[in-house]
Each structure stands twice: as structure tokens, then as C-alpha cells.
Amino acid sequence: MRNLRLAVPALAVCMALSACGGQGGGDGTPTPTPTGAQPVTSAPSPDPTDSEVPSTGPTPPPPTALPPSPKPGGPTKPPPVGATELTGTVTAGVEPNCVLLDNFLLIGGPRDVLTPGTRVTVFGRVQPDMMTTCQQGTPFLVESARRS
């Protein structure tokens, strides 16, 4: 009698667990619950007309196209409005194809001018939130460069 009292609840639990594991049919479609409600698979998108929900969408990446740099020995253009000017000697980074100027990682610009050991003046803007593979220096987007 005691074995029967233990076997019946154990059997009921096993049947319930196997029934739960078999729901859905394996085709990826959710099976309705007994109340008819669908399980939540993703968060609902916010209503754009709802003023209480702040916009948290992804911000577009900064433009990657830079204006062409002047040819060596050719005419130079004035620095872009709001650009930062750096002057110094280009050094090689620890990673291949990474060049630095005063602890700024030079991104873009004419690679024939931005070679290690060359004294240059570059114009551009600091981009501290940019991710790079160079592992050193603060990213600096070069808009123009010339030997100095």
C-alpha cells in the first residue's frame, strides 16, 4: 500500500513533464496555453506616438567617407571648418598598418604621406568612441594631411 502511494504521484509527475516537453511539435510555432494566450517571444515595439517612451533606437554610425587628400607636392587645401590640427613625426603602432602621431591613432588619410618617420601636419577630428584593432592611441579621423 505504501509503495502505491509513492508510485502514483511519481507517475503523475513523469507524465506531466513528458507532456510539457512534447508541446510545440518541433516546428517552431508556439502552442497556445490552456487560457488561449500566446507565450511572449519578444518585446513589443514601442508605439512611436507614445510620448512617455523615449527613443532608444540605435544611432547611425559616423560617415566613413572622407574627402580626398591632396597629392604630395600639389596644392594644399585649407583645413576643414572645426578641424583639429596636429603636427609631429609619424610613428609605427604595435599592430600592422597602425600609425600614430602624438598618441593619436591616425585613421584614414593618404598612406603615402603618413609613413613612420615622416614629419607631417594633419587636419581632422578626434573620435574617442571609435573601436579599432590597433590597441593604442586615441582615434583621430584624418581629413587632410601634408608633409611639413
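Residues numbered from 1 in each chain as written. Predicted model: local features only at pLDDT ≥ 70, side-chain atom pairs only at ≥ 80, totals over all residues. Heavy atoms only, no water.

(A) Layout of the overall build of the chain. A tally of regular secondary structure across the chain gives 1 helix and 6 strands. In the chain, the succession of α and β elements from N to C terminus is α-β-β-β-β-β-β. The buried share of the chain, reckoned over its 148 residues, is 20%. Sequence-distant contacts in the chain: of pairs separated by 6 or more residues, those separated by 24 or more amount to 57%. In the form shown here, the chain has an accessible surface area of approximately 10800 Å², with 61% of it arising from carbon and sulfur atoms. (Helix = DSSP H or I, 4+ residues; strand = E, 2+ residues; numbered from the N terminus. Buried < 20%, exposed > 50% of the residue type's maximum accessible area, 1.4 Å probe, protein only. Contact = heavy atoms within 4.5 Å. Areas by Shrake-Rupley, 256 points an atom, 1.4 Å probe, with all protein chains shown as cover.)

(B) Expanded view of the sheet that holds strand β6 (residues 138-147). Spatial ordering of the open sheet is given by β1-β5-β6-β4-β3-β2, a layout of 6 strands whose pairing is mixed. For this open sheet the edge positions go to β1 (84-89) and β2 (91-92), each flanked by a neighbour on one side alone. (Pairing = 2+ DSSP bridges.)

(C) Representation of the packing of aromatic side chains in the model. One pass over the structure, following the stated rule, counts 1 aromatic pair. Aromatic pair Phe 104 and Phe 140: ring centres 5.9 Å apart, planes at 65°, arrangement edge-to-face. With Phe 104 in strand β4 (residues 104-107) and Phe 140 in strand β6, this residue pair connects regions lying 36 residues apart in the sequence. Overall, Phe 140 belongs to the buried group, its relative accessible area being 0%. (Phe/Tyr/Trp six-rings, centres within 6.5 Å; stacked < 30°, edge-to-face > 60°.)

(D) Structural detail: the nonpolar core. Within the largest apolar cluster, 12 residues are counted, these being Leu 86, Val 90, Val 99, Leu 101, Leu 106, Val 113, Leu 114, Val 120, Val 122, Phe 140, Val 142 and Ala 145. Mapped by element, the contributors of at least two residues to this core are β3 (99-101), β5 (119-126) and β6. A per-element tally of this core places β6 first, with 3 residues. (Core = buried A, V, L, I, M, F, W, Y, C linked by side-chain atoms within 4.5 Å.)

(E) Structural view of the pattern of salt bridges. Under the counting rule described, the total for this entry stands at 1 salt bridge. The partner of Arg 125 in a salt bridge is Glu 143, and the shortest N-O contact between them spans 2.8 Å. One end of the pair, Arg 125, is in strand β5; the other, Glu 143, is in strand β6, and 18 residues separate them in sequence. (Salt bridge = Lys/Arg side-chain N within 4 Å of Asp/Glu carboxyl O.)

(F) A look at the environment of Ile 107. Position of Ile 107 among the secondary structure elements: in strand β4. Looking at Ile 107, the relative accessible area reads 23%, which means it is partly exposed. Residues Ile 107 and Gly 124, spaced 17 residues apart in sequence, show a C-alpha to C-alpha distance of 9.5 Å.

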